Amino acid sequence: KIPSEQWAQVIDKVGGPLQYKKIPVAKPGPEEVLVNVKYSGVCHTDLHALNGDWPLDVKLPLIGGHEGAGIVVARGELVTDDICKIGEAVGIKWLNDSCLSCTFCQQADEPLCPNAKLSGYTVDGTFQQYAIASARHVSHIPEGVPLDEIAPVLCAGITVYKGLKESGARPGQTVGIVGAGGGLGALAQQYAKAMGLHTIAIDTGDDKKKLCEEMGSQAFIDFAKSSDITKDVKAATKDGLGPHAVLLVAASEKPFQQAAEYVRPRGTVVVIGLPAKAFIRAPVFESVVKMIRIQCSYVGNRQDGVEALDFFARGLIKVPFKTVELKDLPKVYDLMHQGQIAGRYVLKIPD
Ligand code: 8ID
Ligand code: ZN
């Protein structure tokens, strides 16, 4: 039975504070499902939303969260069984909905849809017991997959998997992961390994170093200790020429202005992280004579989601995560703000 009220983490204004309180349960529209969220990952994007870091307004009041795994408990009248079944395990992603009719959606670039709805940003997200999503956009979670461990795959996993595809790096080549100890970075190492790539991890601190070794990276470069990142990253590749691709998944600007210097000639810098008010920088001369490519990448489409979940279901992806209660979200944000999280935090949503 669906209750009329539920627990949620709500902000009334940008900057917070978070209020853990009871609010009404929403009803799904004709093409939507109501999902009883069991677990939700906490992405750095949720903290950017709370802090108003980006030049795009959030809805207010706002319930954040966009890595939600749960069970479909109700659906709109246009949702048939072949779209989404009651009782099915599904994932709510950053891309809550897109029109599926515009030129971008027609070509499977759903994230570029001008009418896209964003979970935990322009519509309420998964830091609540019952969340709404477009039935055609939820991920179908394969049977037997644990809902806590899959949660981070729904944003972090899909995003880095897509980014690795966009990098064009081929099996046997090397990818530098900048921000490797964070949520996206940890999963980037796992997906890269599953795709037959070598990885070089760049981040800071002993916890993150240990994590990156467990994730399978051949080298760890501590950006806070290195006196010459460019030299150290290049030196970590066998021939000293630098990685074939660099995935920028850090939440600070500095590496977005360095990566072009150590990526290999003909290599690709993939820009994924979204630090506040940041700019990408590359020296024209070196970039041209190295023929490098700078490619930006934004979450993934529905098929990227299917593939990223399938990698997990096949046992190829280990997600390093810790679980805390929904009410403890402020503590998670504090740790994230201090850069103290190795891997991901997943919130257990109360039953
Ligand atoms: O679709 C997209 N493009 C997309 C999807 C999801 C998330 C983009 N993001 C963005 C987030 O909004 C955020 O800006 O990716 C960024 C990383 O998200 P996250 O992995 O959830 O954040 P985290 O867990 O806090 O990890 C960030 C890591 O970056 C490291 C930190 O130490 C941390 O481990 N880092 C920083 I801050 N500065 C660094 C530097 N100079 C650095 N690592 C290397 N060099
Ligand atoms: Zn995210």
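One structure accompanies this document, and this report is about it. Along each chain, the written sequence defines residue order, and numbers are assigned to residues from 1. To label them, take the chains in the order written and letter them from A, then take the ligands in the order written and number them from 1. Given that the model is predicted, a residue must reach a pLDDT of at least 70 before its local features are reported, and side-chain atom pairs must reach 80 or more before they are shown or counted; all residues, however, enter totals for whole chains, interfaces and linings. Neither water nor hydrogens contribute to the side-chain values; these are computed over all heavy atoms in the structure.

1. A closer look at the pattern of salt bridges
Salt-bridge detection follows one rule: a side-chain nitrogen of Lys or Arg within 4 Å of a carboxyl oxygen of Asp or Glu. Summed over all chains, the structure comprises 18 salt bridges. Residue aspartate 304 pairs with lysine 165 through a salt bridge whose shortest N-O separation is 2.9 Å. Of this pair, aspartate 304 sits in helix H10 (residues 302-313) while lysine 165 sits in helix H4 (residues 156-167); the two residues are 139 residues apart in sequence, bridging distant segments of the chain. A salt bridge links glutamate 307 to lysine 165, with the shortest nitrogen-to-oxygen separation between them at 2.8 Å. Residue glutamate 307 is found in helix H10, and its partner lysine 165 is found in helix H4; the two are separated by 142 residues along the sequence. Here lysine 165 falls in the partly exposed class, since its relative accessible area comes to 35%. Salt bridges here are not isolated pairs; linked through shared partners, they connect Lys162, Lys165, Glu166, Asp304 and Glu307. Segments assigned H or I by DSSP are reported as helices when at least four residues long, segments assigned E as strands when at least two residues long, and all are numbered from the N terminus. Per-residue accessibility, obtained with a 1.4 Å probe over protein chains only, is compared with the maximum for each type, and a residue is labelled buried under 20%, exposed over 50%, and partly exposed between these values.

2. Things to note about the side chain of serine 98
Mapping serine 98 onto the fold places it in the loop between strand S7 (95-97) and helix H2 (103-106). With a relative accessible area of 3%, serine 98 lands in the buried category. For the purposes of these results, a polar contact is taken to be a pair of N or O atoms within 3.5 Å, where, inside protein, one atom must be able to donate a hydrogen and its partner to accept one; residues adjacent in sequence count only when each atom of the pair is a side-chain atom. At 2.9 Å, the side chain of serine 98 forms a polar contact with the side chain of histidine 137.

3. As for the pairing of strand S5 (residues 68-75)
Two strands form a pair only when DSSP identifies at least two bridges running between them. Strand direction decides the pairing type here: strand S3 (residues 32-42) and S5, joined by seven bridges, are antiparallel. Looking at the pairing, tyrosine 39 lines up with alanine 69 of S5. Of the pairings in the sheet, the one linking S5 to strand S6 (residues 89-92) comprises four bridges and is antiparallel in character. Paired with isoleucine 71 across the two strands is alanine 89, which belongs to S6.

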